[in-house]
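# Overview (structure and organization)
The residues making up each chain are set out below.
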Amino acid sequence: MPPQLPPRSCDTFVALPPAAAGGRVVFGKNSDRPADEVQEVVHFPAATHPAGAALECTYISIAQAERTHAVVLSRPAWLWGAEMGANEHGVCIGNEAVWGKDDVRAGEALLGMDLVRLGLERADTAEKALSVIIDLLEKYGQGGNCMESQMTFAYHNSFLIADRKEAWVLETSGKYWAAEKVEGGVRNISNQFSITTKIDREHPELKEYAKSNGWWDGEKEFDFAATYSYVDTARMTKTRSRYCEGYKLLNRHKGSITSEIMMEILRDKESGINMEGGFMTTGSMVSVLPQQPNLPCIHFFTGTPDPARSVFKPFIFVPDIPQLLKTSSPTFGHDDPVKKQPRFQSKPDRRHELYKKHESAAVVMETNQGKGKELLKEIKELEKQKISQMESVLQNGCLDVNQVVNLFSQCVEEELKIYS
């Protein structure tokens, strides 16, 4: 059996009114992945599909839905699914790797990242996305290597799913799962189970399975995290874990959380949320979901590693958005080493244009203090300007569709200009 990697994961956050400012929902996620892995930002328009069509996910084919919603995704460039993303109805999803008492299934099935994309493509509310994911989990299962490597990296998944009104946390262990509804305040997930006794939906055999394994006596109050994981849930918010540090950062800003505050949290290195090293933050996302349906949801993506030296670029769903060319990686079709058996025998260059230019700029930032400082100042100014423009869209409810159609791509061009 190939060697296993030690557990690594990411962080996903949500703030709902009254914790978030301006009566909005603010969602954020860092995707922590192998340091050399390229993350791309891609958009797929809404589509209709013929009855009985098959859909090829990362490893397996499943039945395609009759209609899929428009999505914007931040994803490792080698796979079909996504680490995080949003759809045209204001649904946002991020997933995390989790491990517990139950072994991770061997064999290929749906990746947690496939489930993120499927939830976004098939649901127009957070709770419907939750239902989509648990139905697919029941039907196809989760499993498969989550890394573009001959080394195995596999895990169970937790998900944070948000829309304009509420959020749901879904935590899975094989085919078993528990879900918690979040209707106000703040919530985060990291690389551990975090649902305790507040369980709003659950797998019908969740408790019975725990009982049959001797994890729960059927008498004391059922605590999902305490039962299915090794974590001492009484100490969950008091240790130095990333889950705990994220929880503290959210609570420190409770009542005034904006997109900028969420970006600050994602940039925090001291807590380990902005991860460095062999696994690092390879892509980040922040979304602002206003409760008024006449206002657009705004989604910011970096498309580059390390949010501390990246630009959060805005994206708004409107019809006829052209392909996001400068953040889309090259494709290799059936010649892709991921598609060939045995898989992962080689690794092609998946860097997109923004990634390459940002990589060169990062070297300058590390080796030339003066020039690096100047670059950093310019990208921060660009981001500040975009946040301010987006705030005025939300304040005035005024949207020029002709400008918005190229909003993200235009910002990428401005960022590239700074690097060249």
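Residues numbered from 1 in each chain as written. Predicted model: local features only at pLDDT ≥ 70, side-chain atom pairs only at ≥ 80, totals over all residues. Heavy atoms only, no water.

On to the overall build of the chain. When helices and strands are counted, the chain shows 10 helices and 18 strands. Its C-alpha atoms give the chain a radius of gyration of 20 Å, near enough to 22 Å, the size a compact globule of 420 residues would have. Looking at the chain residue by residue over its 420 residues, the buried ones come to 59%. Considering only residue pairs separated by 6 or more positions, the chain has 70% of its internal contacts joining residues 24 or more positions apart. For the chain, the distance from the average site of its 49 positive side-chain charges to the average site of its 57 negative ones is 2 Å. (Helix = DSSP H or I, 4+ residues; strand = E, 2+ residues; numbered from the N terminus. Rg over C-alpha atoms; globule rule 2.2 N^0.38 Å. Buried < 20%, exposed > 50% of the residue type's maximum accessible area, 1.4 Å probe, protein only. Contact = heavy atoms within 4.5 Å. Lys, Arg positive; Asp, Glu negative; His and termini not counted. Charge placed at Lys NZ, Arg CZ, Asp CG, Glu CD.)

A few words on the side chain of Thr172. Tracing the backbone through its elements, the reader meets Thr172 in strand S12 (residues 167–173). In this structure the side chain of Thr172 is engaged in a polar contact, spanning 2.9 Å, whose partner is the side chain of Gln142. Polar side-chain contacts of Thr172 include one of 2.6 Å to the backbone oxygen of Asn157. (Polar contact = N/O pair within 3.5 Å; in protein donor to acceptor, adjacent residues only side chain to side chain.)

Our next topic: the environment of Lys373. When you line up the elements, Lys373 lands in helix H8 (residues 369–396). Sequence-wise, Lys373 and Ser74 are 299 residues apart; in three dimensions their C-alpha atoms are separated by 27 Å.

Before going further, it helps to spend a moment on the environment of Phe159. With respect to the helices, strands and loops of the structure, Phe159 is situated in strand S11 (residues 156–162). Spatially, the C-alpha atom of Phe159 lies 21 Å from that of Phe44, the residues being 115 residues apart in sequence. Aside from chain neighbours lying at most four places away, what touches Phe159 is Ile93, Gly94, Asn95, Gly112, Leu115, Val116, Ile133, Trp168, Val169, Leu170, Thr172 and Ile189.

As a further point, take the nonpolar core. Counting residues in hydrophobic clusters, the biggest one holds 80 residues, and the most contacted among them are Phe222, Phe224, Tyr228, Ile257, Val286 and Phe300. The biggest single contributor to this core is helix H10 (residues 407–419), with seven residues. With residues near it in sequence (within four places) discarded, Ile257 still touches Ala15, Ala19, Ala20, Ala21, Val26, Val186, Leu250 and Met262. Ranked by size, the runner-up nonpolar core spans 45 residues in total, among them Ile60, Met113, Phe153 and Ala179. (Core = buried A, V, L, I, M, F, W, Y, C linked by side-chain atoms within 4.5 Å.)

Pairing between the strands of a sheet comes from backbone hydrogen bonds, and it takes one of two forms, parallel or antiparallel. Strand order in this open sheet of eight strands is S3-S8-S9-S10-S11-S12-S13-S15, and the pairing throughout is antiparallel. Strands with a single pairing partner mark the edges of an open sheet, and in this sheet they are strand S3 (39–44) and strand S15 (201–202). Two strands pair when backbone bridges link them, and S12 and strand S13 (residues 176–182) are joined in this way by seven bridges, in the antiparallel orientation. Within the sheet, the bridge partner assigned to Ser173 lies in S13 and is Tyr176. Those strands touched by helix H1 (residues 112–122) are S3, strand S8 (71–76), strand S9 (84–87), strand S10 (92–98) and S11, and its axis lies near 165° from that of S10. (Pairing = 2+ DSSP bridges. Axes fitted to C-alpha atoms, helices over the stretch in contact; angles between N-to-C directions.)

According to the stated counting rule, one finds 33 salt bridges in the structure shown. Measuring nitrogen to oxygen at the nearest pair gives 2.9 Å for the salt bridge that ties Arg350 to Glu148. Residue Arg350 is found in the loop between strand S18 (313–315) and helix H7 (353–367), and its partner Glu148 is found in the loop between helix H2 (126–140) and S11; the two are separated by 202 residues along the sequence. What makes Arg350 buried here is its relative accessible area of 5%. Under the relative-accessibility criterion, Glu148 is labelled buried at 9%. In this structure, the salt-bridge partner of Asp306 is Arg309, at a minimum N-O distance of 3.5 Å. On the basis of relative accessibility, which here comes to 19%, the residue Arg309 falls in the buried class. Taken together, the salt bridges that share partners define one network made up of Lys269, Glu276, Asp306, Arg309 and Glu366. (Salt bridge = Lys/Arg side-chain N within 4 Å of Asp/Glu carboxyl O.)

Attention now moves to H2. Spanning 15 residues, H2 covers 21 Å between terminal C-alpha atoms, matching the ideal 21 Å at 1.5 Å per step. Of all the residues in H2, the buried ones are Ala126, Ala129, Leu130, Val132, Ile133, Ile134, Leu136 and Leu137. Of the residues flanking the end of H2, it is Gly141, one or two places downstream, whose phi is positive at about 75°. (Expected span 1.5 Å × (residues − 1).)

Time to look at the packing of H1 against H2. At a closest axis distance of 8 Å, the pairing of H1 and H2 adopts a crossing angle of 130°. Between H1 and H2, the interaxial angle falls into the category oblique. Judged by the twist between their axes, the crossing of H1 over H2 is right-handed. Contacts between H1 and H2 pair Leu115, Leu118, Gly119 and Arg122 from the former with Ala129, Val132, Ile133, Leu136 and Leu137 from the latter. Along the lines of polarity and charge, the residues of the contact of H1 with H2 split into seven nonpolar, one polar and one charged. (Parallel < 35°, antiparallel > 145°, perpendicular 65-115°, else oblique. Left-handed = near helix turned anticlockwise from the far one by under 90°. Nonpolar A, V, L, I, M, F, W, Y, C, P; charged D, E, K, R; others polar.)

We now examine the packing of aromatic side chains. Across all of its chains, the model carries 13 aromatic pairs by this definition. Taken together, a centroid distance of 4.9 Å and an interplanar angle of 80° make the contact between Phe315 and Phe317 edge-to-face. Phe317 shares its class with Phe315; the two are buried. An aromatic cluster is present here, built from Tyr176, Phe193, Tyr209, Trp215, Phe224 and Tyr228 joined pairwise through their rings. Lying across the ring of Phe44, Arg117 places its NZ or CZ 4.2 Å from the centre. (Phe/Tyr/Trp six-rings, centres within 6.5 Å; stacked < 30°, edge-to-face > 60°. Lys NZ or Arg CZ within 6 Å of the ring centre and 35° of its normal.)

Time to look at the confidence of the model for the chain. Averaged over all residues, the pLDDT of the chain is 94; the fraction at 70 or higher stands at 95%. Here residues 1–5 is a poorly scored stretch, pLDDT under 50, and it has 11 contacts once near neighbours within four places are set aside; other chains count. (pLDDT = per-residue confidence, 0-100.)

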